[in-house]
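Residues per chain are reported as follows:
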Amino acid sequence: MVLFDAAPGGAGPAAALKAFDAAHRRGSERMRADRTSSEEEIDRSRRALRDTFSTFVERWPNPNLGTEPEDSYRDFDRLLTDLETSGLHELDPEWRDSLLKLSGNDLTNLDSELAAAVREIRDVTRHRNRSSRSSWTPPTCTTTPSMG
């Protein structure tokens, strides 16, 4: 019994095998290129998170927060969730208005620092949202640092 009388398109079995090998080679090369591209994107995302975490820890030192994404992602995610849940960011306009009414250089500087902090929190949120849209998720940690 003959399984294949003729290859698709009227080509002989040798030509069909050669075409299959070429298609397989192209597919392998494409997968290799996609994998390299994905690994580069993971590295870029990891560096961006590390930079964001480092900036946060420099501005608000906390010995319980690290800067390595694999080790600290869940802590920063929990911190962000706590901030969002508390609604603190919703009080920003009220707080700014009351500070500006009191006037004085110290209060104006405080307002500027608070605005910078809010921008930084929003940047972390935007980065987290962008990261969650990508396929990268941090590896499971074996230990979780205490937040307090």
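Residues numbered from 1 in each chain as written. Predicted model: local features only at pLDDT ≥ 70, side-chain atom pairs only at ≥ 80, totals over all residues. Heavy atoms only, no water.

**Some thoughts on the pattern of salt bridges**
Thinking step 1. Taken as a whole and assessed by the stated rule, the structure comprises 7 salt bridges.
Thinking step 2. For Glu-39, the salt bridge goes to Arg-35, with nearest N and O atoms at 2.9 Å. Of this pair, Glu-39 and Arg-35 are both found in helix H1 (residues 13–59), 4 residues apart, which corresponds to roughly one turn of the helix.
Thinking step 3. The class for Glu-39 is partly exposed, based on a relative accessible area of 38%.
Thinking step 4. Across the pair Arg-46 and Asp-43 runs a salt bridge, and its minimum N-O distance is 3.7 Å. In this pair, Arg-46 and Asp-43 both sit in helix H1, 3 residues apart, roughly one turn of the helix.
Thinking step 5. The exposure class assigned to Asp-43 is partly exposed, which follows from its relative accessible area of 36%. (Salt bridge = Lys/Arg side-chain N within 4 Å of Asp/Glu carboxyl O. Helix = DSSP H or I, 4+ residues; strand = E, 2+ residues; numbered from the N terminus. Buried < 20%, exposed > 50% of the residue type's maximum accessible area, 1.4 Å probe, protein only.)

**Section: the packing of aromatic side chains**
Where two aromatic rings form a pair, the distance of their centres and the angle of their planes describe that pair.
Thinking step 1. In total, this model carries 3 aromatic pairs according to the counting rule given.
Thinking step 2. Residues Phe-53 and Phe-76 carry aromatic rings whose centres are separated by 4.0 Å and whose planes lie at 5° to one another, so their mutual orientation is stacked. Residue Phe-53 is found in helix H1, and its partner Phe-76 is found in helix H2 (residues 69–86); the two are separated by 23 residues along the sequence.
Thinking step 3. Overall, Phe-53 belongs to the buried group, its relative accessible area being 2%.
Thinking step 4. When the ring of Phe-56 is compared with that of Phe-76, the centres are 5.5 Å apart and the planes differ by 85°; the resulting orientation is edge-to-face. Pair noted here: Phe-56 is in helix H1 and Phe-76 is in helix H2, with a separation of 20 residues, a long-range link. Here the two residues Phe-56 and Phe-76 agree in accessibility, since each one is buried. (Phe/Tyr/Trp six-rings, centres within 6.5 Å; stacked < 30°, edge-to-face > 60°.)

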